[in-house]
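Structural overview for review
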Amino acid sequence: MRRLAVVTSLIVAALALASTAVRDDAQAAAVVVPPDPSALDAAQLVSNACSKCHGFNGVSTSPLFPILAGQVPGYIESELRLFRQRGRSDPHARAFMWGIARALTDEQIKGVARYFSTQPAVTGKGSSNPALADKGKLLYENGTPERDIEACTVCHGHNGEGVNSQPRIAGQHRDYFVLEMVQFRSGLRENKVMQHVTEKMTDDEIAALVEYISTK
Amino acid sequence: MLVSTPAQAVPPFARQTGLACEACHTIPPELTSFGRRFKLNGYTLTTRPPLVSDTDDHKKNTVWLSDLPGLGILFQATYNHYNRAPPDSAVPGATAQSENLEFPQQFSLIAAGAISDQVGGFLQMTYDQPSGTFGVDNTEIRYVNHTENSDWLWGVMFNNNPGNQDVWNSVAAYPTLDFSNQSLWSAGGAGGAALSSPFFEGLGGLTAGPTAYIWYKDSLYLGVSAYHAAVSGSVTSTLDSTNLSAGGGTLEGWAPYWRAAYEHDWGYNSASIGVSGMASKFTPSLIAGQTLDPGYVNHYRDMSYDWQYQYNGQHNIFSFLGRYTHENAEYDPGLVPAFYSNSINHLDEWNVTGTYYYNRHYGALVNFVRTTGTADVALNGGNGSPGYQYEVLELDYLPWLNVRLIMQYNIYNVVKNNQNPFFLLNATNPRASNNNTFVFGLWMDF
């Protein structure tokens, strides 16, 4: 058994060393901070709270949480304000962000938005279904006027990079993207524009869109 | 008093952070990746402004108090129906009732949360219905700090249950079952020795000690601890071990405990492997008038290898976790062969659990436990085997995340010798299946 223990320990140590090569993204400063949330600056907030789900550099591991790296700052600000006033009540907003955002100051919101928006944006991992991606491209760029579905480019830009305070969607987790679209459609996530755009959209069209977005 | 169930979900932490249960738990008590980091960081994350705070000339906090203390309540009730009416230990040959209803089975008061910017704690006081006692349950205090680049986190802490400081549910001190082993043994039933389990699994609440740990790049955990008997003095009052059929005893000096684990997260997935161990010296109270110094000393060396895989998806959550533990028990020559037939015994335990939940409302759990070991007639009676095997099948319904209804069936395939309470009714061939138990349970915290 002692030999087995040694072997296991070596495996653990080897995996740890290997991990250093792939986890160099943990760059944000971690600081000893008072637990008074209103006293934290943006870097401290990211280190102590945001990074636990969204990653230090805004690239989340789990698709439960959106990628924030390179996100449009105005969008992050508006969503954080919505969370703070409980104006967004989709399940994840309630479970996670109502609590996290409840004591944020305007200054902190701006600082966090600045932090994540200046992290290097990630791009999609590509599509394994080019035909579906092409169908999504058509829908993304042109919408379906006869069914009153507007083109996505109007708000999200030609490459999903976001416009003004409308969010960047390029590079986003596929599962997260689909979930949000479905929740806009059902009204679970309140947003009049997105509800209008998605209410006539089929599951197949959402699948086509996410296929196209994954190429961006 | 023995430490009972794990802390489960902790409402004070939810009040402190504003986060719902699912942030830290897939389904309580199993921790998510975020929950593990919250615990390793000493429970200090808060989004609640302090009511009282002060700093010194260097802007370092001198006091921080929340407007509300972090309090919570945990409540468990259970109905057990045994496959066969158990023997009444007070009246030889007679049987007791085959059902019991415990309301509550367990009732805990929990005080937990950030104490300062780098110190957090958890204190659980529990009323235990079968024993009728109210006492200190799992307790810990942590101090945590980081390096500047956050790659290294380190902490020092005190607790009273070896292994409960862990963050993976695959270790023995952090089980996955809410109503584990609802058999005659845990329900205060009659007769029978306790089921043989590795020595270090029975020390909760009876020991205390410091731990130092590091957490490297959100992946590697290394921790070392040393545990001491909680009370010094009489060998009979210090450590009422249920691991020895012969009764109580006490830990001798300090018992080192160590832990290494590695976690990797990707997508909705999280996987970990780990190893933990403890070396204990123990003086059993087998001889009347026995003194501690000089005393008879047994040596236990436990080594456990565990793994955990989690899929924490949007609708589907499942996990597969378990451990294999090997124990080497070396007995004092002065106690062999009067109390132990062999000078060295081995014990091997497998404990494997699989769970599935849909939308955090509906779930199922399967738990398999198998223990084998060296036959020791003096210790275990009969043919001496300490072996047993059982499975737990469970269905769960959570109308709310903090309210859980459980229907469980415990199936016993093997229970040997004096570990089987029914040996009092049938000394030559007690049937393992007599111990099969149907359980209906209610668990909630608020």
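Per chain, residue numbering runs from 1 following the sequence as it is written. Note on labels: chains are lettered from A, ligands numbered from 1, in written order. Where local features are concerned, this predicted model is filtered to residues with pLDDT of at least 70; where side-chain atom pairs are given and counted, the filter is 80 or more; whole-chain, interface and lining totals use all residues.

Observations regarding the overall build of chain B
Helix and strand counts for chain B come out as five helices and 19 strands. The buried share among the 446 residues of chain B stands at 52%. Put simply, DSSP H or I for four residues or longer makes a helix, DSSP E for two residues or longer makes a strand, and each gets a number counted from the N terminus. Here a residue counts as buried when 20 or more other C-beta atoms sit within 10 Å of its C-beta, as exposed when there are 12 or fewer, and as partly exposed otherwise, the C-beta atoms being derived from the backbone.

What about the overall build of chain A?
A tally of helices and strands in chain A yields 10 helices and zero strands. Across the 216 residues of chain A, 42% fall into the buried class.

Some words on the domain arrangement of chain A
Residues and elements named next belong to chain A. By the assigned domains, chain A splits into domain 1 (26-117) and domain 2 (130-213). The split into domains, and so the bounds of each, comes from an automatic or database assignment of domains. Computed from C-alpha atoms alone, the centre-to-centre distance between domain 1 and domain 2 is 24 Å. Three categories are distinguished: nonpolar for Ala, Val, Leu, Ile, Met, Phe, Trp, Tyr, Cys and Pro, charged for Asp, Glu, Lys and Arg, and polar for the others, with Gly belonging to the last. Considering only residue class, the side of domain 1 that touches domain 2 consists of five nonpolar, five polar and two charged.

A short note on the pairing of strand β14 (residues 316-330) of chain B
Residue and element names in this part refer to chain B. The pairing criterion is simple: DSSP has to find at least two bridges between the two strands. Sheet topology note: the strand β13 (residues 298-312)/β14 ladder contains 14 bridges and is antiparallel. Across the sheet, residue Ser 304 finds its bridge partner in β14, namely Thr 325. Hairpin connection, β13 to β14: the antiparallel pair is bridged by three residues. The sheet contact formed by β14 and strand β15 (residues 344-358) spans 15 bridges and is antiparallel. Directly across from Thr 325, in β15, lies its bridge partner Glu 349.

What to know about the environment of Tyr127(B)
Residue and element names in this part refer to chain B. Within the secondary structure layout, Tyr 127 lies in strand β5 (residues 119-128). With 18 C-beta atoms packed within 10 Å, Tyr 127 lands in the partly exposed category. Expressed as a C-alpha distance, the spacing of Tyr 127 and Asp 376, which sit 249 residues apart in the sequence, is 36 Å. In this description, any two residues whose backbone-derived C-beta atoms lie within 7 Å of each other are considered to be in contact. Residues in contact with Tyr 127, not counting those within four places in the same chain, are Gln 106, Phe 107 and Phe 134.

Details of unusual backbone geometry
Residues and elements named next belong to chain B. Note the cis peptide between Phe 103 and Pro 104, where omega equals 5°. Following the sequence through the fold, Pro 104 ends up in strand β4 (residues 99-114). Look at the link from Val 336 to Pro 337: it is a cis peptide, with omega at 10°. Its location among the elements puts Pro 337 in the loop between β14 and β15. If you check the backbone angles, Asn 359 has positive phi at about 55° while not being a glycine. On the secondary structure map, Asn 359 appears in the loop between β15 and β16 (362-373). Located in the positive-phi region is Arg 360, a residue other than glycine, with phi close to 60°. Its place among the elements puts Arg 360 in the loop between β15 and β16.

So, helix α5 (residues 106-117) of chain A
Residue and element names in this part refer to chain A. Helix span, as expected, comes to 1.5 Å for every residue beyond the first. Taking 1.5 Å per residue as the helical rise, α5 with its 12 residues ought to reach 16 Å, and the 16 Å between its terminal C-alpha atoms agrees with that figure. Taken together, the buried positions of α5 are Gln 108, Ile 109, Val 112, Ala 113, Tyr 115, Phe 116 and Ser 117. Residues of α5 that are buried sit in contact with α2 (42-54) and α3 (73-84).

Examining the packing of α3(A) against helix α4 (residues 91-101) of chain A
Packed helices, taken two at a time, are described by the angle their axes make and the gap between the axes. Residues and elements named next belong to chain A. A fitted line through C-alpha atoms serves as each axis, taken over the contacting stretch for helices, and the angle formed by two N-to-C directions is quoted from 0 to 180°. Where α3 contacts α4, the axes come no closer than 8 Å and their chain directions differ by 95°. Comparing their axes, α4 and α3 come out roughly perpendicular. Of the residues in α4, those in contact with Leu 80, Phe 83 and Arg 84 of α3 are Ala 93, Met 97, Trp 98 and Ala 101. Residues belonging to the contact of α3 with α4 are distributed by class as follows: six nonpolar, no polar and one charged. Any angle that falls under 35 degrees is termed roughly parallel, while one over 145 is termed roughly antiparallel, one within 65 to 115 roughly perpendicular, and all others oblique.

Topic: the environment of Ser433(B)
All names here are of chain B. Looking at the element boundaries, Ser 433 is found in the loop between β18 (403-415) and β19 (437-445). On the basis of neighbour count, Ser 433 is assigned to the partly exposed category, with 13 C-beta atoms found within 10 Å. Taking the C-alpha atoms as reference points, Ser 433 and Asp 56, separated by 377 residues in sequence, lie 66 Å from one another. Leave out the neighbours within four places in its chain, and Ser 433 touches Asn 83 and Tyr 412.

Concerning helix α3 (residues 33-40) of chain B
Each α-helix winds once per 3.6 residues, and so residues spaced three or four apart point in a common direction. Within α3(B), seven of the eight residues are buried, which leaves it mostly tucked inside the rest of the structure. Looking at α3(B), one finds that the buried residues are Ser33(B), Phe34(B), Gly35(B), Arg36(B), Phe38(B), Lys39(B) and Leu40(B). Its buried side turned inward, α3(B) meets α2 of chain A together with α2 (21-24), β7 (152-159), β8 (207-216), β11 (254-266) and β12 (269-284) of chain B. Two residues or fewer after α3(B) comes Gly42(B), characterised by a positive phi angle close to 80°.

Observations regarding the packing of α2(A) against α5(A)
All names here are of chain A. At their nearest, the axes of α2 and α5 sit 9 Å apart, and the two run at 75° to each other. Our classification of the angle between α2 and α5 gives roughly perpendicular. Two secondary-structure elements touch here, α2 through Ala 42, Ala 43, Leu 45, Val 46 and Cys 50 and α5 through Gln 108, Gly 111, Val 112, Arg 114 and Tyr 115. The residue makeup of the contact of α2 with α5, split by class, is seven nonpolar, two polar and one charged.

Notes on the confidence of the model for chain B
Close inspection of predicted coordinates is inappropriate in any region flagged by low pLDDT. On a range of 0 to 100, pLDDT expresses the predictor's confidence in each residue. On average, residues of chain B score 84 in pLDDT, and 86% of them are at 70 or above. Counting interchain partners and residues more than four positions distant, the pLDDT-below-50 stretch residues 186-190 of chain B has 16 contacts.

Points about the environment of Pro256(B)
All names here are of chain B. Following the sequence through the fold, Pro 256 ends up in strand β11. Classification of Pro 256 by C-beta neighbours within 10 Å gives partly exposed; the count is 13. Between the C-alpha atom of Pro 256 and that of Ser 280, which follows or precedes it by 24 residues, the distance is 7.2 Å. Setting aside anything within four residues of it in sequence, one finds Pro 256 in contact with Val 224, Ala 226, Met 278 and Ala 279.

Details of the confidence of the model for chain A
Residues and elements named next belong to chain A. Across chain A, the average pLDDT comes to 83, with 82% of residues at 70 or higher. Looking across chain A, the model is least confident in helix α1 (residues 2-22), with a mean pLDDT of 49, and most confident in α3, with 95. This model gives residues 15-34 a pLDDT under 50, and the stretch forms 51 contacts once residues within four places in sequence are excluded.

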